[in-house]
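Commentary on secondary and tertiary structure
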Amino acid sequence: MKTKILLPLICMAISIFTASCSSDDIESPEAKEQMLTLTVSAGTEDEAPASRAVLTESEGSKSPWKWETNDQLMLVITNAGQKTVHTLTLKSTKPGGLSGEFEGQVPASLITENSTYRFFYIGKTTDGSTDRTISASDLSAGKFNIDLTQQTGNLADLKRNCVLMGTGKVVATTGGKAITNGSITLKNLFAVAHIAITANDNTPITKVGLRGKGVYASANVDLSTGAVTGVSEIGTEVDPETNIFFPAGKTDFYVTFVPGSVAPSFDGYYAGSYTSVVNARPETRNYDASKSFVYYGNAKAKFSVSDNQQVAITNGNMQYVMPIATYTYTMNAKTLDANKLIRWKQLVPLKVKGTRTVHPGYYRLAPEQWETAMPKNTRTGGTYTYNTVTVGGKEYVSPEVYRYFDLPSWGTINNPTLIKNTFTASNATVVKDADFGNKLTVGGAVTRTMTFDEWRYLMPNTENISLPDNNRVWSWKKGIITHKRAKWARCFIDENGNGKRDTNPAELRGYLIFPDDMTMDKATAVFTITNPEIGKWSVANNNPTTFEKIKKSGAVFIPLSAYRAPGLAKLVQWGDHGNYATSQYSGNKMLHLKITDNNTGSFLMVDATSEPDQGCMNRLVQNY
């Protein structure tokens, strides 16, 4: 035990300053900052073994908390509301490596005798190559973030997604040095579980996914208190794009949780997770109206689609979420405390058995009006061929490669990823029953697909003088001349803010459709230029807007997406024109809508013979 001489730090600082400075080396008018050499003993255990962090794998190299060369402690000091961080570097370790001595320089002016300070070990970077640091922006925010999505499940890698913290008082010794009043006992700010999963019928599991209530993609650690707050909850749905996954083949793993109420689900994937359910019947889902429609002001925006019918338009294109089968085990909700470990016993995981569970496919609305499920690398008007699987002699878009799909053919409501469509529009009832809106209800009521005639009424395509006087037209007089504008415009989303549509990567083009009640001044404000082109003569490349302006405006944005030729797993014309399904038919073929980026040709094309049964986007509505 080191002998500690308790001296007021300010006196110590004065004595050091007067002893080491002369009239020749005083830096006037400001004296150089006096530094203290702070030595700290820290670890996850002290003389009382029970006080060590609950992860007790202390047998040599197995301990995740064993100090390693270049490990660092971070001392966080708050002074007059301002936070500073000071790095203490590992100098030596005790036998076993669970306790170490750290040393670093700290300004004497920031230390107050016998005040309590927080020491953090903030772990390794995500790839494990080095220790994390606390940045200036972290200090300003008063917190730092830990990524929990890249967990390896290895005991030794817990240092990548856990944070240790301890508190202690600082006291001075002689010679410009300081130590803590005793060793700092560090405790994990997160909770950890040791799990091993198998299938209840012994089917080999190829990978394990994690989701559930209280499971987060990342967490913020408060620098003042050490409190941990979850950020971006993973959610309860099986989702290969957003769930946390452990490395392929790993079924025995350690997982880090944010303290609090947690109800995790572990999904064991197997060889047939996708193909065995590719043609499973989608289920009907209901969604909250307040989150599903475009709102203008405090009410659902109204759009006239005929002289006597108004509709609310959904806040995003329809997407199909593909079915998956997994061996799933869901734990009951449990409150997990920081520095706790859930397992069966020391070095033995909690063993769980997953039961085969089919997670049905379902329809949803894209999270934003401009989002599409098409591969993000296809943004230049080129072509893209989907990966497919063949089941029962039929070809489907691969659910293993893609989670979402938004280019189905009409009539494939119960198997929307089917490539070759065999639907025949034999009568109105058959067509109505095949409407995708039957499977996507909002506020307990069905949605539907507009007819071609409704699209044409919504966006009149005539010269200004010929426009009718109705809710879809702005009309005003200037002198003796009557001016009219249709309530829509072509545009592009100016992502980099330079006012010009760039093509590498391509900035998305589309149509803005303005609500019946919106004034032309408010419609003009949706753009980033003062004199946008409105109506038939607008050109997308001339009308820049932004994601934020669209979101706040109350206007509907219809992206120029792509289309999928009938019987083929290939999309074409991404961003050059948009093909949208309609619920109208001619003969035994469904009509579809084609919208283009400029004012040449017929931009609202009704098409029953060219490319019949093609895969189209779908924007759903609900009648008022």
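Residues numbered from 1 in each chain as written. Predicted model: local features only at pLDDT ≥ 70, side-chain atom pairs only at ≥ 80, totals over all residues. Heavy atoms only, no water.

Time to look at the overall build of the chain. The helix and strand inventory of the chain stands at 7 helices and 46 strands. Of all 624 residues assigned to the chain, the portion counted as buried reaches 51%. The long-range share in the chain, meaning contacts at least 24 apart out of those at least 6 apart in sequence, stands at 73%. Carbon and sulfur atoms make up 49% of the accessible area of the chain, which totals about 27,500 Å². (Helix = DSSP H or I, 4+ residues; strand = E, 2+ residues; numbered from the N terminus. Buried < 20%, exposed > 50% of the residue type's maximum accessible area, 1.4 Å probe, protein only. Contact = heavy atoms within 4.5 Å. Areas by Shrake-Rupley, 256 points an atom, 1.4 Å probe, with all protein chains shown as cover.)

This next bit is on the sheet that holds strand β28 (residues 384–385). Pairing is antiparallel across the open sheet formed by 3 strands, whose spatial order is β28-β42-β41. Strand pairing shows two members of the sheet lacking a second neighbour, β28 and β41 (563–564), which therefore form its edges. (Pairing = 2+ DSSP bridges.)

All chains considered together, the criterion is met by 4 cavities of 30 Å³ or more. One number sums up the size of the largest cavity: a volume of about 130 Å³. Around the largest cavity sit 14 residues that line it, and Trp 410, Met 590, His 592, Gln 614 and Cys 616 are the ones nearest its centre. Elements represented by at least two residues in the lining of the largest cavity include exactly β43 (577–586) and β44 (589–596). When residues of the lining of the largest cavity are assigned to their parent elements, the largest contribution, 3 residues, is made by β44. Its residues assigned to classes, the lining of the largest cavity shows 8 nonpolar, 4 polar and 2 charged. Roughly 80 Å³ of internal volume is contained in the second largest cavity. The residue makeup of the lining of the second largest cavity, split by class, is 2 nonpolar, 7 polar and 4 charged. (1 Å grid on protein atoms, 1.4 Å probe; cavity = no way out; pocket = protein on both sides within 12 Å on 5 of 7 lines; lining within 4 Å. Points joined across faces, edges and corners; volume = space filled by probe spheres on them. Nonpolar A, V, L, I, M, F, W, Y, C, P; charged D, E, K, R; others polar.)

Across a regular strand the side chains alternate sides, sitting on one face of the sheet and then on the other. Both faces of strand β40 (residues 556–559) are covered, namely the face carrying Val 556 and Ile 558 and the face carrying Phe 557 and Pro 559. Note: strand β38 (residues 509–513) against β40, 4 bridges, orientation antiparallel. Directly across from Ile 513, in β40, lies its bridge partner Val 556.

Next up on the list: the pairing of strand β5 (residues 116–121). With 3 bridges connecting them, strand β2 (residues 72–79) and β5 associate as antiparallel partners. The partner of Met 74 across the bridge, within β5, is Phe 120. With 6 bridges connecting them, β5 and strand β7 (residues 164–172) associate as antiparallel partners. Looking at the pairing, Phe 119 lines up with Gly 166 of β7.

Applying the stated criterion across every chain, the model contains 19 salt bridges. Across the pair Lys 124 and Asp 131 runs a salt bridge, and its minimum N-O distance is 3.1 Å. A salt bridge links Glu 368 to Lys 551; its shortest N-O distance comes to 2.8 Å. Taken together, the residues span a long stretch of sequence, with Glu 368 in the loop between β27 (362–365) and β28 and Lys 551 in helix α7 (residues 547–553) at a distance of 183 residues. Sharing partners across several salt bridges, the network here consists of Glu 68, Asp 71, Lys 124, Asp 131 and Lys 159. (Salt bridge = Lys/Arg side-chain N within 4 Å of Asp/Glu carboxyl O.)

Moving on, we get to the confidence of the model for the chain. For the chain, the average pLDDT comes to 86, and 89% of its residues sit at 70 or higher. Low confidence marks residues 1–31, where pLDDT is under 50. Its contacts with residues over four positions away, or in another chain, come to 34 contacts. Between residues 46–61, whose pLDDT stays under 50, and residues either more than four places distant or in other chains, the model counts 37 contacts. (pLDDT = per-residue confidence, 0-100.)

What follows covers the environment of Glu 371. For Glu 371, the position within the fold is in the loop between β27 and β28. Residue classification places Glu 371 among the partly exposed positions, given a relative accessible area of 29%. Put simply, Glu 371 and Asn 317 are 54 residues apart on the chain and 7.7 Å apart in space, counted from C-alpha to C-alpha. Not counting the four nearest positions on each side in its chain, Glu 371 is found in contact with Gln 319 and Ala 366.

On to the nonpolar core. With 75 residues, the main nonpolar core has Tyr 386, Trp 455, Leu 512 and Phe 514 as its most contacted residues. Contact partners of Phe 514, with chain neighbours within four places excluded, come to Phe 303, Arg 472, Trp 474, Lys 487, Trp 488, Ala 489, Ala 523, Val 526, Phe 527, Ile 534 and Ala 555. In terms of nonpolar packing, the next biggest core, distinct from the first, is built from 48 residues, Leu 36, Met 165, Phe 190 and Val 258 among them. (Core = buried A, V, L, I, M, F, W, Y, C linked by side-chain atoms within 4.5 Å.)

For Phe 527, the location among the structural elements is in the loop between α6 (520–524) and β39 (544–545). In sequence terms Phe 527 and Phe 492 are 35 residues apart; their C-alpha atoms lie 9.4 Å from each other. Beyond its immediate sequence surroundings of up to four residues, Phe 527 is in contact with Ala 489, Arg 490, Cys 491, Leu 512, Phe 514, Pro 532, Ile 534, Asn 543, Pro 544, Thr 545 and Lys 549.

Here we come to the sheet that holds β40. One open sheet holds the 4 strands; their spatial order is β39-β37-β38-β40, and the pairing between them is mixed. A strand with exactly one partner marks an edge of an open sheet, and here the two such strands are β39 and β40. As judged from the 2 bridges shared by strand β37 (residues 488–493) and β39, these two strands associate in the parallel manner. Counterpart to Ile 493 in the pairing with β39 is Thr 545.

Moving on, we come to the packing of aromatic side chains. Per the stated rule, a full pass over the model turns up 19 aromatic pairs. With 5.7 Å between their ring centres and 75° between their planes, Tyr 386 and Phe 405 make a pair best called edge-to-face. On the criterion of sequence distance, the pair formed by Tyr 386 in the loop between β28 and β29 (388–391) and Phe 405 in strand β31 (residues 404–405) is long-range, its members being 19 residues apart. The pair formed by Tyr 386 and Phe 405 is uniform in burial state, with each residue classed as buried. (Phe/Tyr/Trp six-rings, centres within 6.5 Å; stacked < 30°, edge-to-face > 60°.)

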